[in-house]
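An overview of the molecular structure
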Amino acid sequence: MKKILAKFLAGAGLLLFVLILFAVQPAGYAAPNLQMTDFPTPTPGQDGRILYTVQAFDTLWRIAAVSGLTLDELRQLNNLDVDAIINPGDVLLLGFGGIAVTPGSPTPEGVIPTPPSGSLPPTPTSGPGTGTVCILLYNDDNGDSLRQEEEPAIEGGAISLTNRAGTVSLQENTIPGPADPAEDPPRICFEDLIESEYSVTVAIPDGYNATTDLSTSFRLLPGDTIFIDFGAQLGSEAIAEAASEIPEEGGRSPVFGLIGVAFLLMGAGLAVYAFMSGRK
């Protein structure tokens, strides 16, 4: 009987060891050969920004050299310090294909923007002597005050556009974006605006905290198409409320369940052994 129990305990211990080994082993052992990936040609998005997704083995120096920027210019565009590290999948800003206004900073005067090649839809268009302003309120998930392609639009915000002369006063509400995050988000565009000094203010929905300034001023020149992005993210209370509504199912790893079964088997074996020893 003792030999049977000893074999049982040895087998349970071996099973536990194997399960723990599989739980902690890395996903792969062989490292890929070092090779540089092709540098894809980044194109301006609908908002005029030229974005580049970091590839394997990319460095800031290589990206700056290929895109025609200095290393300092690339760091300044992306608010990176000298010790910053980039990883595959990170999105870097390389510049603008047209005029894009950062909330809180004025639009350069006397600059005629070049619409993003191949990415700007047929509308909006401006008539002679007029311009267009397109505004987006986006969910700034990572809080970096710079919209990433996967960050969707926020519905329920209120946009107000006025000019200094008091002859223009327009209001619109933001709308939800498409279900597919790869599609361009819906922008609120004000067309056929006369040349003037303008101010834009955005009111964000309840439960959100602003990650950028919510107002900005700029000068609109004839022919301009100006893109302005405002960012906000869910507050801690809203996040907690959303998390409480998610059903708790399927969230545990099966590996830990197997380890628990192994412990139960070992415990049962020890109990049987203690019982048999007590009888003797």
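Higher on the page you've got the structure.
Below, the structure is looked at part by part. Just so it is clear, the model here is predicted, and its values are computed rather than measured. By convention here, each chain's residues receive numbers from 1 onward along its written sequence. Local features in this predicted model are restricted to residues whose pLDDT is 70 or higher, and side-chain atom pairs enter the listing and the counts only when it is 80 or higher, whereas totals over whole chains, interfaces and linings include all residues. Values shown for side chains rest on all heavy atoms present in the structure; no hydrogens or waters enter the calculation.

So, about the pairing of strand S8 (residues 196-203). In S8, alternate side chains face the same way, and those of Ser 196, Tyr 198, Val 200 and Val 202 are buried while those of Glu 197, Ser 199, Thr 201 and Ala 203 on the opposite face are not. Pairing geometry for strand S5 (residues 158-163) and S8, over 6 bridges, is antiparallel. By the bridge assignment for S8, Leu 161 is matched with Val 200. What makes two strands pair is DSSP finding at least two bridges between them. Secondary structure elements are taken from DSSP: a helix is a run of H or I of four residues or more, a strand is a run of E of two residues or more, and numbering for both begins at the N terminus. Sheet analysis places S8 next to strand S10 (residues 215-220), joined by 6 bridges and oriented antiparallel. Bridge pairing links Val 200 to Thr 216 in S10. In this scheme, a residue with accessible area under 20% of its type's maximum is buried, one over 50% is exposed, and one in between is partly exposed, where area comes from a 1.4 Å probe on protein chains only.

On the basis of which strands lie adjacent, the open sheet formed by 4 strands has the order S6-S5-S8-S10 and antiparallel pairing. Taken across any chain shown, the strands that pair with only one partner, and hence form the sheet edges, are strand S6 (169-173) and S10. The mean inter-strand angle of the sheet, taken between neighbouring strand axes irrespective of direction, is 20°. Where S5 and S6 come together, 5 bridges link them in antiparallel fashion. Looking across to S6, one finds that Leu 161 is bridged to Leu 170. All axes are obtained by fitting lines to C-alpha atoms, using only the stretch in contact for helices, and the reported angles, taken between N-to-C directions, cover 0 to 180 degrees.

This paragraph deals with the packing of aromatic side chains. Stacked, tilted and edge-to-face are the three classes applied to pairs of Phe, Tyr and Trp rings, where Trp contributes its six-membered ring and a pair requires centres within 6.5 Å; stacked means planes under 30 degrees apart, edge-to-face means over 60, and tilted covers the rest. Within the structure shown, the criterion is met by 1 aromatic pair. Ring plane angle 20° and centroid distance 6.1 Å describe the contact between Tyr 198 and Phe 218, whose orientation is recorded as stacked. Placement of Tyr 198 in strand S8 and of Phe 218 in strand S10 is noted, with a sequence separation of 20 residues between them. Overall, Tyr 198 belongs to the buried group, its relative accessible area being 1%. Residue classification places Phe 218 among the buried residues on the basis of a relative accessible area of 1%.

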